[in-house]
Every structure is written in structure tokens, then in C-alpha cells.
Amino acid sequence: MKKIKVIAFDADDTLWINEPYFREAEEKFSNLLEDFLPHHSVQKELFKTEMDNLDLYGYGVKSFILSMIETIGRITNNNADIKLVNKAVDLGRELLKKPVILLDGVEDVLKKLNGSYRLVMATKGDLLDQERKLIKSGLEKHFHHIEIMSDKKPSDFAKLLKHLDCRPEDFLMIGNSVKSDIMPVLELGGYAIHVPYHTTWAYEKVDIKIDDPKFFEAETIEHIIDFIL
């Protein structure tokens, strides 16, 4: 990877904990509606609502809150007590107030790379929430540029590369989602390192074997140094 000039990092579940908080919220949401449906059925309905709403609301906690409210209406045939809706909103507020806990090795890796490469944080989600998490993380000082994206399709990465004045072959993306962080960048001709996380949102799961010389798999974020240096 001698040609690499720009290294971009995903944020949620790459730099800090995120998905376990949502799983916890989904379980609490299922508890709210257990008089209407079993837990697994509630979660299935919520996921369906989230998928239907992605194009309208995008990603993040606010979208999650709206999807919970809509799911309550559908499951209860719009006969739910308003207290159920209020409790769902409270679950969203809890998510927004969660502590930002860095994954092991993150700050050490950023320190080692800083100065030798232009470091970028490239994440998708709600603007205010991602900005809040970045500030609370204390990692902002390591990044040359912060990009909070509405989505992570090849066209979105192409816009980012244009903004950075960076060719795909000089770009490396690091993230936990093969679907969002890896495949779009490889399609453009860039490099990508997958750092798996033990919990992955169902939407991000893909069953595919990648055969590309610019693709690498690291056990932990600390191991990306072996590929880069």
C-alpha cells in the first residue's frame, strides 16, 4: 500500500461502540409490545419499517424513533395508549445520551498513522448525533476531514474522493461493514480493510466472498497497521 495517501475510517462499530446500544433498545421496545406480539415478531416488524423508511429518513437514532412509532401504530391497529409512544421516544433519547466508548486500540492506531497520511472519518447517519459522538470521543484532533454521509454508495464515495482531490488508487477505507465500507470503495478502484465487529445490523449483512487484490481482512483495528506499513 505504498501509494496510499488518504485513509478513511468508518465510525460506528469501527471507532466506537454503537450497534449493541441499538440491540438493547430493540429488546426494550419488544418488551413494550409483548402483549401484542412475541419479541421476535416485534423486532421483525420494526426492521421492516426501518427498511421501508430508509429512503425517507436515512440512518440514525431519529429515523429509529420514527420507525418505532410507526411500528407501534401498525401492531396495535392504531389503538395504542399514547404512553407506549412516549416510552418509545424515551428509548430514542436514551440512545442519544449513551456514552461514547472507544474500541480497543483505536487511539493508538490513529496516533501511529497521523502525520504520515491524511486521515478522514467517513460515516453515515444523523448529522447532529454523529457530530456529538465525535466530540465526546476526543478523536476529532486526529482527522484532516470529517464526512457525515447520507449513504455509502459508490456515488457517495466518488463525491468524497472528488472533495478530497484524491484518486481511488490512493484511497483506503477501513470499516466493519462489508456492504457499506468495503464493496463501494473496491468498485471505485480503491483499497479497503474490513475490521469485523461482533454485532452487525441485519441491513449491513452480506454473504459474499470478495476476491480483490485491494481487499484485506484484519482481526482487529490494531492489525491494520500490518497491512498499511
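Because the structure is a prediction, the values reported are computed rather than measured.

> Even after reading the chapter, I still don't get the side chain of Ser63, so can you show me in this structure?
Structurally, the position occupied by Ser63 is in helix α3 (residues 61-75). Excluding its chain neighbours within four sequence positions, the residues that come into contact with Ser63 are Tyr57 and Gly58.

> So what exactly am I meant to see when it comes to the pairing of strand β3 (residues 145-149) here?
Side chains on a regular strand alternate between the two faces of the sheet. Where strand β2 (residues 118-124) meets β3, five bridges bridge the pair, whose relative direction is parallel. By the bridge assignment for β3, Thr123 is matched with Ile148. On the question of chirality, the crossover connecting β2 to the parallel β3 by way of helix α6 (residues 127-137) is right-handed.

> Hey, could you run me through the layout of surface pockets in this one?
Unoccupied space between atoms shows up once a probe the size of one water molecule is rolled over them. If you add up the space inside the largest pocket, you get close to 170 Å³. Looking at the largest pocket, the residues that line it are Asp13, Thr14, Leu103, Asp104, Val195, Pro196, Tyr197, Glu219, Thr220, Ile221 and Glu222. Broken down by class, the residue content of the lining of the largest pocket amounts to five nonpolar, two polar and four charged.

> When you look at the packing of helix α7 (residues 154-164) against helix α8 (residues 178-188) in this model, what are you seeing that I'm missing?
When two helices pack together, their arrangement is captured by the angle between the axes and the distance separating the axes. Look at α7 against α8: their axes get within 9 Å of each other, and the N-to-C directions meet at 70 degrees. If you check the angle between α7 and α8, you find them roughly perpendicular. In terms of crossing hand, the pair formed by α7 and α8 is right-handed. Between α7 and α8, the residues in contact are Pro154, Phe157, Ala158 and Leu161 and Ser180, Pro184, Val185, Glu187 and Leu188, respectively.

> Explain the sheet that holds strand β1 (residues 6-9) here, please?
Strand pairing in a sheet relies on backbone hydrogen bonds, with the paired strands running either antiparallel or parallel. One open sheet holds the six strands; their spatial order is β3-β2-β1-β4-β5-β6, and the pairing between them is parallel. Of all strands in the sheet, those with a lone pairing partner are β3 and β6 (215-217), marking the two edges. For this sheet, the mean angle separating the axes of adjacent strands, direction not counted, is 20 degrees. As defined by bridge partners, β1 adjoins β2 across four bridges and the pair is classed as parallel. Bridge pairing in β2 links Val6 to Arg118. Of the strands in this sheet, β2 and β3 touch α6, which is tilted by about 145 degrees from β3. Sitting on the sheet, α8 touches β2, β4 (171-175), β5 (191-194) and β6, and the angle it makes with β5 is about 160 degrees.

About the criteria used
- Residues numbered from 1 in each chain as written.
- Predicted model: local features only at pLDDT ≥ 70, side-chain atom pairs only at ≥ 80, totals over all residues.
- Heavy atoms only, no water.
- Helix = DSSP H or I, 4+ residues; strand = E, 2+ residues; numbered from the N terminus.
- Contact = heavy atoms within 4.5 Å.
- Pairing = 2+ DSSP bridges.
- Right-handed = clockwise from strand over helix to strand, strands pointing away.
- 1 Å grid on protein atoms, 1.4 Å probe; cavity = no way out; pocket = protein on both sides within 12 Å on 5 of 7 lines; lining within 4 Å.
- Points joined across faces, edges and corners; volume = space filled by probe spheres on them.
- Nonpolar A, V, L, I, M, F, W, Y, C, P; charged D, E, K, R; others polar.
- Axes fitted to C-alpha atoms, helices over the stretch in contact; angles between N-to-C directions.
- Parallel < 35°, antiparallel > 145°, perpendicular 65-115°, else oblique.
- Left-handed = near helix turned anticlockwise from the far one by under 90°.

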